[in-house]
Amino acid sequence: MLIEIDRMLAGEFIKEPRMLLATQVIRQGETIHTGYALNDVVIKSGMRLIELEVEIDHKFVYKQRSDGLILTTPTGTTAYALSAGGPILHPNLEAITLVPICPHTLSNRPIAVNSASKIEVTLVQFEEAHLSMDGQFQVALEVGDRILVRRAERTISLLHPSEYSYFDMLRNKLNWG
């Protein structure tokens, strides 16, 4: 491990840009929270189902009752979204996935949209719900709150050892043969 770090410090590494999600929580016309996520933005119920409406690029997509919704970058597709049944996207794809958490209907499925899409989630009904970004920054939500999610203008760069392979990482992480 120390040898790899020494080699990286000597400039032997692969620099890989990754997209971020920019998030805004709007309550009664006022922005109450903003933030960025490398992996995911999660809207989750506290105890019971929540009802939410999703629009993409100002077009109604669906109303869903579920335990919540995960919005991910390609980087985040191998985290929480994967265990919720979402797809794995290669990190160089320009996409955002929407993965329902335990939807109350069998017809709600994960979808992937172009990273230029503007996603708006409105909270319609629930007893308790919150928003988190990369598992941090929990914000208590109220009925009527709108969560806007889009690709951030900025990116982040990951540095990998020069022998790094995304597929080797997947094979090891997911115990593929």
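Read on for an overview of the structure.

Cut-off values and rules
- Each chain has its residues counted from 1, running along the sequence as written.
- Only residues with pLDDT of at least 70 get local features here, since the model is predicted, and only at 80 or more are side-chain atom pairs given and counted; chain-wide, interface and lining totals rely on the full set of residues.
- In computing side-chain properties, one takes all heavy atoms of the structure into account and sets aside hydrogens as well as water.
- Secondary structure elements follow DSSP: runs of H or I of four or more residues count as helices, runs of E of two or more count as strands, with numbering from the N terminus.
- Contacts between residues were defined by any pair of non-hydrogen atoms, one from each residue, lying within 4.5 Å.
- Two N or O atoms count as a polar contact when they lie within 3.5 Å, although within protein this holds only if one can serve as hydrogen donor and the other as acceptor, and sequence-adjacent residues are included solely when both atoms are side-chain atoms.
- A simple rule labels every residue: compare its accessible area, found with a 1.4 Å probe on the protein chains alone, to the largest value its type can have, and call it buried under 20%, exposed over 50%, or partly exposed in between.
- At least two bridges found by DSSP between two strands is the condition for calling them paired.
- Fitting a line to C-alpha atoms yields each axis, with helices limited to the stretch in contact; the angle taken between N-to-C directions then spans 0 to 180 degrees.
- Residues enter a nonpolar core if they are buried and are Ala, Val, Leu, Ile, Met, Phe, Trp, Tyr or Cys, with the set joined through side-chain atoms within 4.5 Å.

1. Looking at the environment of Leu82
Then step 1. Examined against the element boundaries, Leu82 turns out to sit in helix α2 (residues 80-83).
Then step 2. Remark: the alpha-carbon pair of Leu82 and Val99, spanning 17 residues in sequence, is separated by 8.8 Å.
Then step 3. If we skip the residues at most four places from it in the chain, Leu82 touches Thr77, Ile88 and Leu174.

2. What about the side chain of Thr97?
Then step 1. The topology assignment puts Thr97 in strand β7 (residues 95-101).
Then step 2. A polar contact of 2.3 Å, which involves the side chain of Thr97, links it to the side chain of Thr72.
Then step 3. When residues no more than four places from it in sequence are discounted, the contact partners of Thr97 are Ile70, Leu71, Thr72, Thr77, Pro87, Leu89, Ile111 and Ala112.

3. Side note on the environment of Ala116
Then step 1. Position of Ala116 among the secondary structure elements: in the loop between β8 (111-114) and β9 (119-125).
Then step 2. Accessibility expressed as a relative area gives 51% for Ala116, which makes it exposed.
Then step 3. Spatially, the C-alpha atoms of Ala116 and Ala81 are 20 Å apart, while their sequence positions differ by 35 residues.

4. What about unusual backbone geometry?
Then step 1. A positive phi angle, near 50°, is found at Asp57, a position not held by glycine.
Then step 2. Relative to the assigned elements, Asp57 resides in the loop between β4 (50-56) and β5 (59-66).
Then step 3. Given the relative accessible area of 35%, Asp57 is considered partly exposed.

5. Notes on the sheet that holds strand β2 (residues 30-37)
Then step 1. Strand order in the open sheet formed by six strands is β2-β1-β12-β9-β4-β5, and the pairing between neighbours is antiparallel. Because the sheet does not close on itself, it has two edges, and the strands there are β2 and β5. Shown here is a sheet whose adjacent strand axes are inclined to one another by a mean of 25°, direction ignored.
Then step 2. Of the pairings in the sheet, the one linking β4 to β9 comprises six bridges and is antiparallel in character.

6. A look at the environment of Leu49
Then step 1. Examined against the element boundaries, Leu49 turns out to sit in the loop between β3 (40-45) and β4.
Then step 2. Judged by relative accessible area, Leu49 falls into the partly exposed class, the value being 23%.
Then step 3. Here Leu49 is in contact with Arg65, Ser66, Asp67, His104, Gln125 and Phe126, once residues within four sequence places are set aside.

7. Let's talk about the sheet that holds strand β6 (residues 68-72)
Then step 1. Reading across the sheet, the six strands line up as β8-β7-β6-β3-β10-β11 and stay open at both edges, with antiparallel pairing between neighbours. What marks the edges here is a single partner per strand, and that holds for β8 and β11 (136-140). In this sheet, neighbouring strand axes are inclined to one another by 15° on average, regardless of whether the strands run parallel or antiparallel.
Then step 2. Pairing of β3 with β6 involves five bridges; the strand directions are antiparallel. Its bridge partner lying in β6, Ile43 is registered against Leu69.

8. Looking at the pairing of β3
If a strand is regular, its side chains alternate between the two faces of the sheet.
Then step 1. Along β3, five of the six residues are buried, which leaves the element largely enclosed by surrounding structure.
Then step 2. Summarising the sheet, β3 and strand β10 (residues 129-133) pair through five bridges and their orientation is antiparallel. Across the sheet, Ser45 pairs through a bridge with Ala129, a residue of β10.

9. Digging into the nonpolar core
Then step 1. Counting residues in hydrophobic clusters, the biggest one holds 27 residues, and the most contacted among them are Ile43, Val54, Leu98, Ile119, Leu131, Leu141 and Ile147.
Then step 2. For this core, the secondary structure elements donating two or more residues are β1 (13-27), β3, β4, β6, β7, β9, β10 and β12 (146-161).
Then step 3. Residue contributions to this core peak at four residues, all from β4.
Then step 4. Leaving out residues up to four positions away in the same chain, Leu98 has contacts with Val54, Ile56, Tyr62, Leu69, Ile70, Leu71, Arg109, Pro110, Ile111, Val113 and Ile119.
Then step 5. Listed in part, the five residues of the second largest apolar core include Val42, Ile70, Val99 and Ile101.

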